[in-house]
Each structure stands twice: as structure tokens, then as C-alpha cells.
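If you want the building blocks of each chain, they are given just below.
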Amino acid sequence: QGLKRTEHEGFGGGNTAWEEEKLAKYQHSETRLLEVLEGVCTPSDFTCHQLLERSEEHVEQWWFHEQQQHPDFFQWLCMDRLALCCPPGTYGPDCRSCAGGPQQPCSGNGRCDGDGTRHGTGLCVCGLGYGGPFCSECGDGYYEASRNQSHLVCAECYRACGRCTGPEDSSCLRCKRGWVLHEHRCIDIDECGTEMAHCRANQFCVNTEGSYECRDCSTACIGCMGAGPARCKKCNKGYWRDGARCLDVDECASTEEPVCTGAQEVCENTEGSYRCICASGHIRQDGHCVEDKPPDAPEKGFFDDVTEDEVVVLQQMFFGVMICALATLAAKGDMVFTAIFIGAVAAMAGYWLSDRSDRVLDGFMKGR
């Protein structure tokens, strides 16, 4: 690829005529070789860099001394010098011909094991539908749709046929496993009606095309002949037979004595059995059923339920009582209490004229 990429390039810039005269032509120059080698491997391909490093002397020898006599670089390096590859259609240390010949290995219907390498067996690995040592025959389940001297086309048989002469269900020569041949047709074998089926003790057999399935019996059964509690051979523990069916025994109602004897326990019927649970309003703790009570709430203080509006009203009442007391004392002519009274009135007036006065008045008017 590097040789093709640089095929029409030359020395870049400068006196090209002088460079070609003194440094040799670009096509066979060391400059071109270096440019080619720089693009051989991707930065992350360690194996490529390792192989290139081991082959560096061979590459330079071919570039400067052998390329005129051996223009096929791949043939010269990979096959002749390094002996890593073989020509297509050959394999192994001595590059022997693959099965079917090197021109068309495996009749073109498969691949040769080790093709083009110094490894492998040379045997054919046939593609789907083909068989034989040279992949020149149709495989099991396929027939010859067409054939000439160089090509074979195999098509699929009817699904039950192992060998056939055509695609129809009446063209079978041999049947696949699970089918029996009758007048060139493959008839499904009912393994469940013969001794061919092998299911476990608590399973039943279901015939399928070319095979069978084993499915589990109902939980009501010990052994069964089909699906459901009406096909039981014997009823399982916790069930009773009612005609052909095995029905669940209600242990909670079947005895006069209580089944669950623990305090505050009640019986709950389940499929084939029962269980003891705590009665409504009770939970199980340490193996006993106890009353499910919410945790005790802490006692409330006297003012815990008082709302913010009620706090405001209480504050107003407190200020009112204080002002009345101060007014009474001021009326007796005591100058100290008169000054305190005037200050309290001024404070109350400021509070009522503040931003909160509307809220307090609204609460007071609504009786809060």
C-alpha cells in the first residue's frame, strides 16, 4: 500500500534536478523507503512493529538490490526469505497442495485448513450443505439442485429428511432422528407412546416433531399422565381426590380443634399446606404475636398547641394588663411610674403602627 501511495510522488521543493542527480531518483531512493515504512504499521499494532523490526535488513536488501530481479515483494519476503506464507491453494511447511488442488481447493465449497500459511492440515472444512473429502458432494439434509463440471449447488431437503432427491416431503431417502421412513415420507415417531421416552418420576411426556419433552406434573400429583390436577396417578400430601381431580385440603377448616394454638394466631390455608399468622392488629416478635401499637408519644407542654396568631394575642393581653397596672400607679402621682407608663404607651403605639399591626388586628377581629 505504501508503494502504491508513493508511486507518483517526488522530492518536495528545492532543486529537484540536482536532488535526482545527486541523491538518485525518488522512486528508488532511501527517502521513499522511509516514507513507506513509516506508514506500514498503526501506532498501536505491536505485532506489526515487532515483525517489521525483525525484517528490516531483508526489506532494505530487497529495496536496494533485489526489487529489479524480484518485483513481487510479498513473494520474495513472506514466502522465500521468511517462509511465513504459502501461495494460495497450498499449506504447510513445504507448501503442499490443498485437498481438491491448488486451483480450486475444496471444490470452491469450503476452505482448506491452513490455506496460504505454513501451518494446517490441508483438509477441507466444508460450507453449510456440502460434504465429502473435497466438498464435492451434498451434505446431510441437502440435495443436488444443479451440477456442472466446475460447480455444484446444494439445496435444503424437507425438514424431516436426512437424505433426499428433492425439496418435497415425498422425496425422502433417509429420515432424521425421531422420524421413520414410510413410502418416501418421514413420519414423526411418538416417543411418548413407546419406551423411547425417558422422563423422571414426577414428569409426563409431550410428543414434539422429531422428539419429545418432559414436563413437570402438577404440585397436587405424585406421578401423572398429563398436565393439571385431573391427570394425577396419586394425590400429593395436602390434597384429596374428588373424582378424577386432586383438590387442596383446607387444613384450617378440616379439624374441630384449632390448628394454630399460639396466642393471637390464626390459620391461613395455602396450596397443599397451611401457615399460622398473627391476627389482625398484631405482629410477630420473638416468635410471639403481640399487639401492634404505635410507639408512645412524648407528653405535650402547655403551650405546644398554641398557634402563632394566638401567641400574638397573648402578647397583646400581657401588654394591656401591664399598661393598666402602670396607669393605676401613675394616677397616685408617683412620677417614676408615670414616666414608665408614658414609655409603655409609646412602645405600644409603635408596635401597632408597625408592619405587623395589620396581621394582629386581623387576628383580633377574627377572634384569634
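All values reported here derive from a predicted model rather than from experimental measurement.

Parameters and conventions
Residues numbered from 1 in each chain as written. Predicted model: local features only at pLDDT ≥ 70, side-chain atom pairs only at ≥ 80, totals over all residues. Heavy atoms only, no water. Axes fitted to C-alpha atoms, helices over the stretch in contact; angles between N-to-C directions. Helix = DSSP H or I, 4+ residues; strand = E, 2+ residues; numbered from the N terminus. Parallel < 35°, antiparallel > 145°, perpendicular 65-115°, else oblique. Left-handed = near helix turned anticlockwise from the far one by under 90°. Contact = heavy atoms within 4.5 Å. Nonpolar A, V, L, I, M, F, W, Y, C, P; charged D, E, K, R; others polar. Phe/Tyr/Trp six-rings, centres within 6.5 Å; stacked < 30°, edge-to-face > 60°. Buried < 20%, exposed > 50% of the residue type's maximum accessible area, 1.4 Å probe, protein only. Pairing = 2+ DSSP bridges. Lys, Arg positive; Asp, Glu negative; His and termini not counted. Salt bridge = Lys/Arg side-chain N within 4 Å of Asp/Glu carboxyl O. Disulfide = S-S within 2.5 Å.

1. A few points about the packing of helix H3 (residues 30-38) against helix H5 (residues 56-66)
Direction vectors running N to C along H3 and H5 enclose 140 degrees, while the axes themselves pass 11 Å from each other. On the basis of their axis angle, the class for H3 and H5 is oblique. In this structure, H3 meets H5 at a crossing whose hand is right-handed. From H3, Glu30, Arg32, Leu33 and Leu37 reach across to H5, where they touch Val59, Glu60, Trp63 and Phe64. Residues that form the contact of H3 with H5 fall into these classes: 5 nonpolar, no polar and 3 charged.

2. Focus: the packing of aromatic side chains
In this structure the tally under the stated criterion is 2 aromatic pairs. Here the aromatic rings of tryptophan 62 and tryptophan 63 are separated by 6.3 Å at their centres, their planes lie at 50 degrees, and the arrangement is tilted. Neither residue differs from the other here; tryptophan 62 and tryptophan 63 are each classed as buried.

3. Looking at the pairing of strand S8 (residues 152-156)
With 5 bridges connecting them, strand S7 (residues 142-147) and S8 associate as antiparallel partners. Opposite glutamate 144, over in S8, you have cysteine 154 as the bridge partner. Counted along the chain from S7 to the antiparallel partner S8, the turn is 4 residues long.

4. Quick notes on the packing of H5 against helix H6 (residues 73-81)
Where H5 contacts H6, the two axes come as close as 11 Å, and the packing angle between them is 135 degrees. As judged from the angle between their axes, H5 and H6 are oblique. Of the two possible hands of crossing, H5 and H6 adopt the one that is right-handed. Contacts from His58, Val59, Gln61, Trp62 and Glu66 in H5 reach Phe73, Trp76, Leu77 and Arg81 in H6. For the contact of H5 with H6, the per-class residue count stands at 5 nonpolar, 2 polar and 2 charged.

5. Considerations on the side chain of glutamate 251
Position of glutamate 251 among the secondary structure elements: in the loop between strand S16 (245-248) and strand S17 (265-270). Lysine 237 provides the closest opposite charge to the buried, unpaired glutamate 251, separated from it by 8.7 Å. The residues touching glutamate 251, leaving out its near neighbours within four places in the chain, are Gly238, Val259, Asn269, Gly272, Ser273 and Tyr274.

6. Regarding the environment of lysine 176
Relative to the helices and strands, lysine 176 resides in the loop between strand S10 (172-175) and strand S11 (179-182). The spacing of lysine 176 and arginine 163 is 13 residues in sequence and 8.3 Å in space, taken between C-alpha atoms.

7. Observations concerning the pattern of salt bridges
On inspection of all chains with the given rule, the structure shows 7 salt bridges. The residue arginine 147 makes a salt bridge to glutamate 144 at a minimum N-O spacing of 2.7 Å. Of the residues examined, arginine 147 reaches a relative accessible area of 46% and is grouped as partly exposed. Under the relative-accessibility criterion, glutamate 144 is labelled partly exposed at 44%.

8. Overview of unusual backbone geometry
Phi is positive for cysteine 95, close to 55 degrees, though the residue is something other than glycine. Structurally, the position occupied by cysteine 95 is in the loop between strand S1 (90-91) and strand S2 (96-97). According to the relative accessible area criterion, cysteine 95 is partly exposed, its value standing at 21%. Even without being glycine, glutamate 183 reaches a positive phi, approximately 55 degrees. One can find glutamate 183 in the loop between S11 and strand S12 (185-188).

9. Things to note about the state of the cysteines
Disulfides are covalent bonds that connect the sulfur atoms of two cysteines. Following the criterion strictly, the structure yields 17 disulfides and no others. Across the disulfide, cysteine 106 is cross-linked to cysteine 124 (sulfur-sulfur distance 2.2 Å). Residues cysteine 106 and cysteine 124 share a disulfide whose torsion about the S-S bond is about -100 degrees; that sign makes it left-handed. You can see cysteine 106 sitting in the loop between S2 and strand S3 (110-112) and its partner cysteine 124 sitting in strand S4 (residues 124-126), a full 18 residues away along the chain. As far as the burial class goes, cysteine 106 and cysteine 124 line up, both buried. Each sulfur of the disulfide joining cysteine 199 and cysteine 214 lies 1.9 Å from the other. The S-S bond linking cysteine 199 to cysteine 214 shows a torsion near -85 degrees; that makes this disulfide left-handed. Placement of the pair is cysteine 199 in the loop between S12 and strand S13 (203-208) and cysteine 214 in strand S14 (residues 211-216), with a sequence separation of 15 residues.

10. As for the pairing of S14
Pairing of S13 with S14, which is carried by 6 bridges, proceeds in the antiparallel orientation. Residue cysteine 205 lies in a different strand from S14, and its bridge partner there is cysteine 214. The turn linking S13 back onto S14 is made up of 2 residues, and glycine 210 within it adopts a positive phi angle of 80 degrees.

11. Quick notes on the environment of glycine 243
Here glycine 243 lies in the loop between strand S15 (239-242) and S16. Taking the relative accessible area as the measure of exposure, glycine 243 reaches 60% and is therefore exposed. Sequence spacing of glycine 243 and alanine 230 is 13 residues, and the spatial spacing of their C-alpha atoms is 8.6 Å.

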